[in-house]
Structure formats: C-alpha cells, structure tokens
Amino acid sequence: MPVVLYWLEHSPPVRSVNLVLHALDLPVEYVDVDLYKKDQLSPWYLKLNPLHTVPLIDDNGFILWESRAIMTYLVSKYGKDDSLYPKDLQKRAVVDQRLHYSNDVFYVVGELTQGIAFRQKAPTPELIGKIKEAQENIEKLLTGNKYIAGDSLTVADYSFITLVDLIEVYSPPMKKFPLTKEWFERCKLNMKNFDKANKKGADTVVNKVKKFLGQS
C-alpha cells in the first residue's frame, strides 16, 4: 500500500517529507489540504490531526504528523541502511540536534511567510534579524562539514533544504555564505528527484513572497 501524504505542496515541511519519500522510493498517494480554504479545520482532518497542521501521513493506518517525526519514522522503517538517520547514538544525537534547530528556523520562516500569505503583513525588522542570525548559524554548522550534520547526507539536510530558498528571499546572501551555497548545490545533486519533489512547490511560495516584497 502507498503511504498517503496529506499536503500543501509549497509548504517547506511538506516538501521535506516529499523529498524523503522520493529518496526511499516509496509509492505515495497525495491528498490536498488547502490551508487557504481552511481544509485543515474540517472535522475529517481534525479527527486525523487535532493540531491541524501539514504534513501528515497515513502509513497503512498509522497516522503521524510533524515533518521531522515523519522523516525519522520513514527512514527508520523503510531505509535500506541507516545513512539518513544513523543508529549510532552519538551520530544520531547530532542529527537530532540539527533537526531541533531546523524547527526553530522554520518557525521564523513560517511566521514571515504565513504573515504574507494569510494576512498581507510585511516582515518586521525583528524577524528579518532572526533570519540573518539563522543564515549565520547555518554557515557555522557547515564549517568543516559537507552536510548539516557531518560529511554524509541525513534527514537534517532534508529539513533545512526547503527553508534556505525562502531565507535567501528575505535576506539576500550577497555572497556572504559560500558554504551554504556549496551545500545547497551538493544537496540538489545528491537528493533523489530534487526538482520533481520540490521545485514546483518551492517556486510557488518563493514567487509569492518575492511579488509581495516587490522583488519580481
């Protein structure tokens, strides 16, 4: 049976999960949850997820939401090896550490993007300051590393990769973060079906934000 993914295609956490599903070669059935039409507040969806967020998966009756939990579950269950989420406790702890930090970054990106998409609210200097701090921190995490959690691709990279394009719209890097640029290109090359699983959704949200900010 396919994994059922309840999604809004341009959501960064949704795209992260979709990339992992492609990495694992899993069959997927997609169910649209249109946040603009408030599908997430429908009784049928609240029954699945009382916190009314996307993504959510149904894996043969097992319901799980929260993208980082979904990714680690899928890799642990279906991965051909443990490279994306190591079994070694110390290596896993580093991956988990990065995943937790990606959540902090997402909430800043999400507050900015949802403010634009749902409330036509311009970014505040305080939030842009937090974006700039995140850019600096991502560059620090990549210092001496090919990937976010070391020298191999892990779920931590999948969690960050869908945030960076939006981060760079809010705060153009101006060649200040070369390690981040190299890492992004490395991920594009090594994440299976990167464009197929990510590009359409990424382009949609990036273009929406650019238009609001007068960048396009």
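If you're wondering where the values come from, they're calculated on a predicted model, not measured in any experiment.

Caption draft 1: Seen up close, the pattern of salt bridges. Applying the stated criterion across every chain, the model contains 6 salt bridges. The partner of arginine 15 in a salt bridge is aspartate 165, and the shortest N-O contact between them spans 3.8 Å. Placement of arginine 15 in helix H1 (residues 12-23) and of aspartate 165 in helix H6 (residues 155-170) is noted, with a sequence separation of 150 residues between them. For the pair shown, arginine 15 and aspartate 165 are each scored as buried.

Caption draft 2: Representation of the pairing of strand E1 (residues 3-7). Among the 5 residues that make up E1, 5 are buried, leaving the element largely enclosed by the rest of the structure. Burial of the side chains of E1 extends over both faces: Val3, Leu5 and Trp7 are buried on one face and Val4 and Tyr6 on the other. Bridge count between E1 and strand E2 (residues 28-32): 5 bridges; the pairing is parallel. What sits directly across from tyrosine 6, in E2, is valine 31. Considered for its hand, the β-α-β crossover made up of E1, H1 and E2 is right-handed.

Caption draft 3: Inspection of the packing of aromatic side chains at higher detail. Going through the model one piece at a time under the given rule, you end up with 9 aromatic pairs. Measuring from ring centre to ring centre gives 5.0 Å for phenylalanine 62 and tyrosine 73, while their planes differ by 45°; the resulting arrangement is tilted. With phenylalanine 62 in strand E4 (residues 62-65) and tyrosine 73 in helix H3 (residues 67-78), this pair connects stretches of sequence that are 11 residues apart. Its relative accessible area of 38% is what places phenylalanine 62 among the partly exposed residues. Of note, arginine 186 hangs over the ring of tyrosine 147, and the distance from its end group to the ring centre comes to 6.0 Å.

Caption draft 4: Representation of the packing of H6 against helix H7 (residues 178-190). It is at 11 Å that the axes of H6 and H7 come closest, and there the two elements cross at 125°. When the axes of H6 and H7 are compared, the pair comes out oblique. Classified by chirality, the crossing of H7 by H6 is left-handed. Only Thr180, Trp183, Phe184 and Cys187 of H7 make contact with H6, whose side of the interface consists of Asp157, Phe160, Ile161, Val164 and Glu168. Classifying every residue of the contact of H6 with H7 gives 6 nonpolar, 1 polar and 2 charged.

Caption draft 5: Region of interest: the sheet that holds strand E3 (residues 56-59). Spatial strand order, E2-E1-E3-E4: 4 strands in an open sheet with mixed pairing. Edge positions in the sheet fall to E2 and E4, since each has one partner strand and no second. Mean inter-strand twist for the sheet, computed between neighbouring axes without regard to direction, equals 20°. The pairing of E3 with E4 spans 4 bridges and is classified as antiparallel. Paired with isoleucine 57 across the two strands is leucine 64, which belongs to E4. Helix-sheet contacts for H1 involve E1 and E2, and the interaxial angle to E1 is about 160°.

Caption draft 6: View of the environment of valine 209. In this structure, valine 209 sits in helix H8 (residues 194-213). The buried category is assigned to valine 209, whose relative accessible area is 1%. The spatial distance from the C-alpha of valine 209 to the C-alpha of leucine 112 is 9.3 Å, given a sequence separation of 97 residues. In this structure valine 209 touches Thr113, Ile116, Leu166, Val169 and Tyr170, once residues within four positions along its chain are discounted.

Caption draft 7: Spotlight on the nonpolar core. Of all hydrophobic cores here, the largest spans 64 residues; its most connected members are Leu74, Val155, Tyr158, Ile161, Tyr170, Trp183 and Met191. Considering every element that reaches this core, the biggest residue donor is H6, with 11 residues. Residue contacts for methionine 191: discarding those within four places in its chain leaves Leu19, Leu153, Asp157, Tyr158 and Ile161.

Cut-offs applied
- Each chain carries its own residue numbering, running from 1 in the direction its sequence is written.
- Only residues with pLDDT of at least 70 get local features here, since the model is predicted, and only at 80 or more are side-chain atom pairs given and counted; chain-wide, interface and lining totals rely on the full set of residues.
- The basis for the side-chain values is all heavy atoms of the structure; hydrogens and waters are excluded.
- A pairing counts as a salt bridge when a side-chain nitrogen of Lys or Arg comes within 4 Å of a carboxyl oxygen of Asp or Glu.
- Counting from the N terminus, the helices are the DSSP runs of H or I reaching at least four residues and the strands are the DSSP runs of E reaching at least two.
- We call a residue buried when its accessible area falls under 20% of the maximum for its residue type, exposed when it is over 50%, and partly exposed in between, using a 1.4 Å probe and counting protein chains only.
- We treat two strands as partners when DSSP finds at least two bridges between them.
- Call a crossover right-handed when, viewed with both strands pointing away from you, the route from the first strand across the helix to the second goes clockwise.
- Stacked, tilted and edge-to-face pairs are distinguished by plane angle, under 30 degrees for stacked and over 60 for edge-to-face with tilted covering the rest, among Phe, Tyr and Trp rings (Trp via its six-membered ring) whose centres lie within 6.5 Å.
- Whether a charge sits over a ring depends on NZ of Lys or CZ of Arg being within 6 Å of the ring centre and within 35 degrees of the ring normal.
- Geometry is summarised by axes, namely lines fitted to C-alpha atoms with helices restricted to the contacting stretch, and by angles between N-to-C directions that run from 0 to 180 degrees.
- For classification, angles of less than 35 degrees are called roughly parallel, those exceeding 145 degrees roughly antiparallel, those between 65 and 115 degrees roughly perpendicular, and all remaining angles oblique.
- Each helix crossing is assigned a hand: it is left-handed if the near helix lies turned anticlockwise from the far helix by less than a right angle, otherwise right-handed if that turn is clockwise.
- Contacts are assigned to residue pairs with any non-hydrogen atoms lying within 4.5 Å of each other.
- All residues other than Ala, Val, Leu, Ile, Met, Phe, Trp, Tyr, Cys, Pro, Asp, Glu, Lys and Arg, Gly among them, are scored as polar; the first ten of these are nonpolar and the last four charged.
- In this description, a nonpolar core means a group of buried Ala, Val, Leu, Ile, Met, Phe, Trp, Tyr and Cys residues linked to one another through side-chain atoms lying within 4.5 Å.

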